[in-house]
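# Structural overview for review
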Amino acid sequence: MPLGDETYAIILNSLIRYWAVIADAEGYLSRYSASMFSLAVILLCICLLRLLDRAKPLQAVLRFFGRHSLELYLLHVAMWGFFGALSVEMFRASRFFTMLGLAVILAPLLKLLTGRFSLKKPAPHGKIESQ
């Protein structure tokens, strides 16, 4: 069931209202205002995810990152350690994004290599392998 524009407006309005309540709170937040703010944030995230579901070009990018998330993580950690051992500062944006770009380029290759050396092929989706 798709959400209408009015729903997004109501959720955004609630988020702004509860943010004002939290900003005015002295000392600690009351449980009521904190829970309402959390609910508004959750609903806003749901609305954003529904909007992202409609963006077809973005889905291809998200699918790529989802398919290669483990390889991206492994390459990122390995390169971070490698450049750290060489005493290269990775806290500069240009170097960090270069490393990130390399990870994105090398992730499909790593997935291909690890797929070749796996001991057991996974069962097709939805089927249980009998022994």
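Let us look at the structure shown here. These numbers come from a predicted model, not from an experiment.

### A look at the overall build of the protein chain
Across its full length, the protein chain carries 5 helices and 0 strands. A separation of at least 24 residues holds for 54% of the contacts in the protein chain among residues at least 6 apart in sequence. About 10700 Å² of surface is accessible on the protein chain, with carbon and sulfur atoms providing 68% of the total.

### Points about the packing of aromatic side chains
The tally for this structure, following the rule as stated, stands at 4 aromatic pairs. Note on Phe64 and Phe65: the rings are 5.5 Å apart at their centroids and 80° apart in plane angle, and the pair reads as edge-to-face. Taking 5.6 Å as the distance between ring centres and 75° as the angle between the ring planes, the aromatic pair formed by Phe96 and Phe97 counts as edge-to-face. Residue class for Phe97 comes out exposed when judged on its relative accessible area of 54%. Grouping aromatic residues by their ring pairs yields a cluster made of Trp80, Phe96 and Phe97.

### Thoughts on the packing of helix α3 (residues 56–67) against helix α4 (residues 69–85)
Interhelical geometry of α3 versus α4 gives an angle of 65° and a closest axis separation of 4 Å. Between α3, through Phe65, Gly66 and Arg67, and α4, the contact on the second element is made entirely by Ser69, Glu71 and Leu72. In terms of residue class, the contact of α3 with α4 is made up of 2 nonpolar, 2 polar and 2 charged.

### Quick look at the nonpolar core
Listed in full, the 7 residues of the largest apolar core are Leu72, Leu75, Met79, Met90, Met99, Ala103 and Ala107. Of all the secondary-structure elements, those providing two or more residues to this core are α4 and α5 (93–116). Setting aside residues no more than four positions away along its own chain, Met90 makes contact with Trp80, Phe83, Arg95, Phe96 and Met99.

### Regarding the state of the cysteines
In the structure shown here, the tally under the stated rule is 0 disulfides. Among the cysteines around Cys45, which has no disulfide bond, Cys47 carries the closest sulfur, lying 9.2 Å off. Classification of Cys45 by relative accessible area gives partly exposed; the value is 39%.

### A word on the side chain of Glu71
Looking at the secondary structure, you find Glu71 in helix α4. What Glu71 contacts, discounting residues up to four positions off in sequence, is Ala107, Leu110, Lys111 and Thr114.

Criteria and thresholds
Residues numbered from 1 in each chain as written. Predicted model: local features only at pLDDT ≥ 70, side-chain atom pairs only at ≥ 80, totals over all residues. Heavy atoms only, no water. Helix = DSSP H or I, 4+ residues; strand = E, 2+ residues; numbered from the N terminus. Contact = heavy atoms within 4.5 Å. Areas by Shrake-Rupley, 256 points an atom, 1.4 Å probe, with all protein chains shown as cover. Phe/Tyr/Trp six-rings, centres within 6.5 Å; stacked < 30°, edge-to-face > 60°. Buried < 20%, exposed > 50% of the residue type's maximum accessible area, 1.4 Å probe, protein only. Axes fitted to C-alpha atoms, helices over the stretch in contact; angles between N-to-C directions. Nonpolar A, V, L, I, M, F, W, Y, C, P; charged D, E, K, R; others polar. Core = buried A, V, L, I, M, F, W, Y, C linked by side-chain atoms within 4.5 Å. Disulfide = S-S within 2.5 Å.

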